[in-house]
Amino acid sequence: MGESVLKGRPLTPRGLDECQKCRKTVEEDCIRLGLFERWHAPCLQCAECDQAASILEDAQLPPDAESRAPKRRALPRPDGFTYVASNFVSPNAIEVAHIFCRAHGQRNSVSGFEAVSRLEQFAFLLNVALRRLWDHLRHAGVITAASGRSQIEGLVRVSLI
Ligand SMILES: [Zn+2]
Ligand SMILES: [Zn+2]
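Just so it is clear, the structure is predicted and the values come from calculations on it, not from any experiment.

This part covers the overall build of the chain. Along its length, the chain carries 3 helices and 7 strands. In sequence order, the secondary structure elements of the chain are arranged as β-β-β-α-β-β-β-β-α-α. Put simply, the chain has 161 residues, and 21% of those count as buried. If you take every contact in the chain between residues at least 6 apart in sequence, the share linking residues at least 24 apart comes to 58%.

This is the structure we're talking about:
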């Protein structure tokens, strides 16, 4: 949770809060690759068979677990999914060319997808919003890069505690 969007690559025109597949804002538990590439679970689809990363439904949980445990949403399950990159800039900036399910993994495809809880995604969206605010204020000349960065980074740190 300590990673700051402020230290990442510059904002891309299409924004950081969009799903890499459908380009809609991701406001729920999801799947990420590195820090920035994110997908709705149903949008992480195999290039060969269209199978998507599933979310484990309550019905699939053992009956025991369901009756005793408080009801909670299961995380998306990207296990077994792999990708081939078209461009590997850094571990946090990977351009994905193709995604494969467990059955269709290629010899050169690699794992790295991780489930993101709804809370973690909300914290990420907050980071993105603060980053936009910082860009805007700096562009408007309200703050300088040096003073603004430390102020906004302070806010981000507080927001993630
Ligand atoms: Zn999507
Ligand atoms: Zn497949």
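On the basis of which strands lie adjacent, the open sheet formed by 3 strands has the order S2-S1-S7 and antiparallel pairing. Edge strands, defined here as strands with exactly one partner in the open sheet, are strand S2 (37–39) and strand S7 (113–116). For this sheet, the mean angle separating the axes of adjacent strands, direction not counted, is 30 degrees. With 4 bridges joining them, strand S1 (residues 30–33) and S7 adopt antiparallel strand pairing. When the sheet's bridge partners are listed, Arg32 is paired in S7 with Glu114.

A general feature of soluble globular proteins is that nonpolar side chains tend to end up buried together. By size, the foremost hydrophobic cluster in this structure holds 19 residues, and its most contacted members are Cys30, Ile31, Ala41, Leu44, Ala53, Phe81 and Ile99. Broken down by secondary-structure element, the contributors of at least two residues to this core are S1, strand S6 (93–100) and S7. Looking at this core, the element that brings in the most residues is S6, giving 4 residues.

Taking 1.5 Å of rise per residue, the 22 residues of helix H2 (residues 118–139) would be expected to cover 32 Å, and the 31 Å separating its terminal C-alpha atoms lies within 8% of that figure. Burial in H2 covers these residues: Phe124, Asn127 and Trp134. One face of H2 carries all of its buried residues, which in axial projection span an arc of 80 degrees. Exposed side of H2, more than 90 degrees from the buried face: Leu119, His136 and His139 are the residues found there. Just downstream of H2, Gly141 is the residue with a positive phi angle, here 80 degrees.

A few words on the confidence of the model for the chain. Looking at the chain as a whole, the pLDDT averages 79, with 68% of positions reaching at least 70. Per-element averaging of pLDDT across the chain places helix H1 (residues 63–68) at the bottom with 56 and S1 at the top with 95.

Moving on, we get to the pairing of S6. Bridge count between strand S5 (residues 82–90) and S6: 7 bridges; the pairing is antiparallel. Paired with Val84 across the two strands is His98, which belongs to S6. Taking the residues between adjacent antiparallel strands as the criterion, S5 and S6 are bridged by 2 residues.

Mapped onto the fold, Glu95 is located in strand S6. Sequence-wise, Glu95 and Val84 are 11 residues apart; in three dimensions their C-alpha atoms are separated by 8.8 Å. Excluding residues within four positions of it along the chain, Glu95 makes contact with Ala85, Ser86 and Asn87.

What counts and how
One numbering rule holds for all chains: residues counted from 1, following each sequence as written. All chains are assigned letters beginning with A, and all ligands numbers beginning with 1, in the order in which they are written. Side-chain atom pairs in this predicted model are given and counted only at pLDDT of 80 or more, local residue features only at pLDDT of at least 70, and totals for whole chains, interfaces and linings cover all residues. Under the scheme used here, helices are H or I runs from DSSP no shorter than 4 residues and strands are E runs no shorter than 2 residues, and both carry numbers assigned from the N terminus. Comment: burial labels come from other C-beta atoms within 10 Å of the residue's own C-beta, placed from the backbone, where a count of 20 or more is buried, 12 or fewer is exposed, and between is partly exposed. Contact between two residues is assigned when their C-beta atoms, built from the backbone, lie within 7 Å. In this description, strands pair whenever DSSP reports at least two bridges between them. What counts as an axis is a line fitted to C-alpha atoms, over the stretch in contact for a helix, and the angles between N-to-C directions run from 0 to 180 degrees. By convention the nonpolar core is taken to be a set of buried residues drawn from Ala, Val, Leu, Ile, Met, Phe, Trp, Tyr and Cys and joined through C-beta atoms within 7 Å. Every helix has an expected span of 1.5 Å times one less than the residues it contains. The arc in question is the one traced by the directions running from the helix axis out to the C-beta atoms. On a range of 0 to 100, pLDDT expresses the predictor's confidence in each residue.

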